[in-house]
Each structure stands twice: as structure tokens, then as C-alpha cells.
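Listed below, chain by chain, are the residues.
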Amino acid sequence: MAITIIILVLSAVFFMSGKVRSDLVALCALVLLILFNILTPEEALSGFSNSVVIMMVGLFVVGGAIFQTGLAKMISSRILKFAGTSELKLFILIILVTAAIGAFVSNTGTVALMLPIVVSMAMSANINVSRLLMPLAFASSMGGMMTLIGTPPNLVIQNALIEAGYERLSFFTFTPVGLVCVTVGLIVLIPLASVLVYSLNISPGEFFTLLWKSNVRNAFLTSIGCSLVAAGINTVFGVIVAWTLVKYDFPGKRIVDGLIELPFALPTAVAGITLSKLYSETGFFGKMLAGIGIKVTYTKAGLVIALVFVGLPFVIRAVQPVLEKLDGQYEEAAYMLGASPSKTFRRVILPELRPAILTGFGLALARGIGEYGSVIYISGNSAKAVSYTHLRAH
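Residues numbered from 1 in each chain as written. Predicted model: local features only at pLDDT ≥ 70, side-chain atom pairs only at ≥ 80, totals over all residues. Heavy atoms only, no water.

J.: Just checking my understanding: could you explain the overall build of the protein chain for this structure?
T.: Helix and strand counts for the protein chain stand at 20 helices and zero strands. Here the protein chain holds 394 residues, and the buried ones make up 35% of them. For the protein chain, the proportion of contacts with a sequence separation of at least 24, taken over those separated by at least 6, is 68%. For the protein chain, the exposed area adds up to about 23,400 Å²; of that, 70% sits on carbon and sulfur atoms. (Helix = DSSP H or I, 4+ residues; strand = E, 2+ residues; numbered from the N terminus. Buried < 20%, exposed > 50% of the residue type's maximum accessible area, 1.4 Å probe, protein only. Contact = heavy atoms within 4.5 Å. Areas by Shrake-Rupley, 256 points an atom, 1.4 Å probe, with all protein chains shown as cover.)

Below, the structure is given as C-alpha cells:
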């Protein structure tokens, strides 16, 4: 086992360094595994007779033929002619063309084929090539999902199904799922690529200078701080609610259990509008709080309330199943041995609940940091509002 790990680690180091050709590294690793009797010669050479390996070799030949016949150059000129000077059109066309080619050629072959085309188009259109290389890489992977031969895992899955006695997959079995992936990927990549490319264009010094601005610091501190406070509140009260639902029967229990799902079903923007109305100075709760001098809307307290609302179900649903499956004999044994209810909870029940509580806390914290719809209304979106990372910092 130790020798195998050493060989794998060394192979990974040489792969990452790039100083030795990858095929030589792979063959040397294979020879070492044979010399140390980790693999028999039959096992070592069995991969070369695998249909998946042969198919991938054939796909690389196809990719080379496409490049050598001049088809790649023709595609490049036609894409540029159709896109004109619009960077967005060029971006979309590269994704669609790469995905279409990736459906019939391996991911690596697709990138190798499209790379010179994309670089040539970027130079001709006077566009930074980094803006197009990331979509190229993602599109080649997404396109591979559309056909049986588009990506090696599809072929591996087919071999596994055939060996298990199932029917052979057709060439276009994966096409519906692949089309959905390409469509969703296109929608996501258009804004994401612009953000990432812009962030990569600034130097590390400029990046940290932006982070150290007072408004940016305040926004992050408000976002993370309010999320931590809300996650802590959710953890305490989430455990209490889950305990009550599991351990006690009371009128309306099923209704309360169903209402816990409300933040999941309710659009967050609707939740934000509702909370801002309820806690405004003229709202039902806000009027009472204003009478004792407490202002909720457009303050950090309002943010915490909104984040508690959207995050509480995560803790409850994480803890509730564990409590339901917890054997009551442990509690009975603790009571028979003279333990108090509080000591029984700390020593017997809490250790069993700790993983679920931590999971719920993490989910509530993540939801709080990423929340947008509910906080944008209760915190306000103006120069006088609370600085939040999702809002315009002041």
C-alpha cells in the first residue's frame, strides 16, 4: 500500500510540474507497479484492450483530422462573420459551437481543436482572450454530456450497464439532459465569466485595496456578523422547536410542523416585503417596538430578524429526524441512575444531536450569507441604509 501511494504521489507531482511528458509519466508509473508486483502484466495491459480507451484514441484522431482538413479555419471565419464586433454574440457562439463539437469529440480534443480558433478570433476582434478561454473550457465539458461518446464517463457507464446485464444505451440517450445543461450553463456563464475575468484583470494589490475600503469592510462585517448572530439564534430555537415537535403532542401540531416549511415555499422577496411592513414604525410589531424606542427596519436588528426567518427551518429539519430516531431507553437509563433532566440532556442527548446541530448551524449560516431577497427590503437600498454585501455600500 505504501509503495502504491508513493508511486501515485510522484506521478501527480510530475503531472503537475509539466517537465516530463504526461504519457511517459503514466507509462513509468505502470512499469513501476509491475516491477513491485502490485499489478500482474495481464492486469497492467488489460486497459489497452478496453473499448473505452480505443474509442478515446479514435476520437483524438477525428479531432486531428478536423484541424488538418481546414474545417477549423472555416468555422473560425464564419463565427467572426456572424458575430461581427459584438463580444456577447461571440461569447454565445463560442459556447454553442464548442458544445456542439464536444458532443462528438472528447473534451480534450475539443479544447485542442477550438483553442487556436478562439485565440485567432480574439485577436481579430481585439478582445482579451481570457474572456473567451473560460467559456471554452466549460462548454467543452457541457457539450460532452449530449451524446454517448462526448465524454469518457458516458462510455464507462455504458460498459458497466452492459456487464451488469442491462440494455445498451443509444447514441443520443444523454441528449435531453445535455441540452438542459448547455442551456443552464449558458445562462450562468454569461454573467459569471464577466465577473471573474474583471476580477482577474486587477492586480493583487488593487484587489486588497478594494477589500480594505471602509464601505466594503462594513458591508462584509455586517453581512457575516448578522449571519452569525442569526445562525446562533436559529440553532438555539431550532433545537427547542424540534424537541417540542418530537417529544410533545398538542393541538395544531401538524399545522405548526407544516408552517416550518413556509420560508422554503415563500419567495424571499415576498418575505422581505412582509417583514418590512410588519416591523416598520406603522406595522403591527414595529409600532409596539417603536413605543419602547426600538427601531427594526433599516437596522442590523432587521437584518437578523429576516435571516432568522429564512434560516430557522434548516436547523429544525436537521435536528428533528435525529430526535425521532433517538432511542428513549438511553434517557430512561440515565433517569434510573439518578441523572437530572439537564444532565441527561448534556451527557446523553446532546452528543447524539451535535452533528445534526452543527449541520443545521452551517446551513443556516450559509443561507444567511447568501440571502438577498428578504434582506434587500428590510435593510433598504439607499445611501442611508445598512451596508450589506448584496447592496450598494455607502
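J.: How should the packing of helix H17 (residues 300-325) against helix H19 (residues 341-370) be read in this particular structure?
T.: Packed helices, taken two at a time, are described by their axes: the angle between them and the distance between them. Their axes nearest at 8 Å, the elements H17 and H19 cross at an angle of 155°. Taken as axis vectors, H17 and H19 run roughly antiparallel relative to one another. In the crossing of H17 with H19, the sense of the turn from one axis to the other is right-handed. Mapping the contact onto sequence places Leu307, Val310, Gly311, Phe314, Val315, Ala318, Val319, Val322 and Leu323 in H17 and Ile349, Glu352, Leu353, Ala356, Ile357, Gly360, Phe361, Leu363, Ala364, Arg367 and Gly368 in H19. For the contact of H17 with H19, the class distribution of residues is 15 nonpolar, three polar and two charged. (Axes fitted to C-alpha atoms, helices over the stretch in contact; angles between N-to-C directions. Parallel < 35°, antiparallel > 145°, perpendicular 65-115°, else oblique. Left-handed = near helix turned anticlockwise from the far one by under 90°. Nonpolar A, V, L, I, M, F, W, Y, C, P; charged D, E, K, R; others polar.)

J.: How do you make sense of unusual backbone geometry when you look at a structure like this?
T.: Trans peptide bonds make up the majority, and among non-glycine residues the majority have a negative phi. The backbone of Asn37 sits at a positive phi, close to 60°, despite the residue not being glycine. With respect to the secondary-structure elements, Asn37 resides in the loop between helix H2 (22-35) and helix H3 (41-45). With a relative accessible area of 69%, Asn37 lands in the exposed category.

J.: Can you help me understand the packing of aromatic side chains in this one?
T.: By convention here, two paired aromatic rings are described through the distance between centres and the angle between planes. Taken as a whole and assessed by the stated rule, the structure comprises six aromatic pairs. Judged by centre distance (5.8 Å) and plane angle (75°), the rings of Trp243 and Phe345 are edge-to-face. With Trp243 in helix H12 (residues 214-247) and Phe345 in helix H19, this pair connects stretches of sequence that are 102 residues apart. With centroids separated by 5.4 Å and ring planes inclined at 25°, the aromatic side chains of Tyr279 and Phe285 adopt a geometry described as stacked. Judged by relative accessible area, Tyr279 falls into the buried class, the value being 17%. Taking the relative accessible area as the measure of exposure, Phe285 reaches 33% and is therefore partly exposed. Taken together through their ring pairs, the aromatic side chains of Phe104, Phe171 and Phe172 make up a single cluster. Over the face of the ring belonging to Trp212 we find Arg217, whose NZ or CZ atom lies 4.8 Å from the ring centre. (Phe/Tyr/Trp six-rings, centres within 6.5 Å; stacked < 30°, edge-to-face > 60°. Lys NZ or Arg CZ within 6 Å of the ring centre and 35° of its normal.)

J.: What is the right way to look at the nonpolar core in this model?
T.: Within soluble globular proteins, side chains that are nonpolar generally end up buried alongside one another. By size, the foremost hydrophobic cluster in this structure holds 19 residues, and its most contacted members are Ile79, Leu90, Ile101, Met114, Val118 and Met121. Listing elements by their share of this core, those giving two or more residues are helix H5 (71-83), helix H6 (87-102), helix H7 (107-124) and helix H8 (130-143). If one sorts the elements of this core by residue count, H7 sits on top with six residues. (Core = buried A, V, L, I, M, F, W, Y, C linked by side-chain atoms within 4.5 Å.)

J.: Help me out: how do you make sense of the side chain of Ser140 in this one?
T.: Along the chain, the position of Ser140 falls in helix H8. With a relative accessible area of 2%, Ser140 lands in the buried category. Separated by 2.7 Å, the side chain of Ser140 and the backbone oxygen of Ala137 make a polar contact. With residues up to four places along the chain from it excluded, the contact list for Ser140 reads Thr98, Gly102, Asn107, Thr110 and Val111. (Polar contact = N/O pair within 3.5 Å; in protein donor to acceptor, adjacent residues only side chain to side chain.)

J.: Looking at this structure, how should I read the side chain of Gln158?
T.: Looking at the secondary structure, you find Gln158 in helix H9 (residues 152-163). Gln158 has contacts with Leu148, Arg168 and Leu169, leaving out every residue within four places of it along the chain.

J.: How should H6 be read in this particular structure?
T.: Two residues of an α-helix separated by three or four positions point the same way, owing to the 3.6 residues in each turn. Taking 1.5 Å of rise per residue, the 16 residues of H6 would be expected to cover 22 Å, and the 22 Å separating its terminal C-alpha atoms lies within 8% of that figure. The complete set of buried residues in H6 reads Leu90, Phe91, Leu93, Ile94, Ile95, Val97, Thr98, Ala99, Ile101 and Gly102. (Expected span 1.5 Å × (residues − 1).)

J.: Sorry, what's going on with a nonpolar patch on the surface here?
T.: Residues Phe207, Phe208, Leu211, Phe220, Ile224, Leu228 and Ile369 make up a contiguous nonpolar surface patch of roughly 610 Å² in combined accessible area. When residues of the nonpolar patch are traced back to their parent elements, those giving at least two are helix H11 (204-211) and H12. Within the secondary structure layout, Leu211 lies in helix H11. The exposure class assigned to Leu211 is partly exposed, which follows from its relative accessible area of 32%. (Patch = residues over 30% accessible without salt bridge, like charges linked within 9 Å, V, L, I, M, F, W, Y side chains within 5 Å. Salt bridge = Lys/Arg side-chain N within 4 Å of Asp/Glu carboxyl O.)

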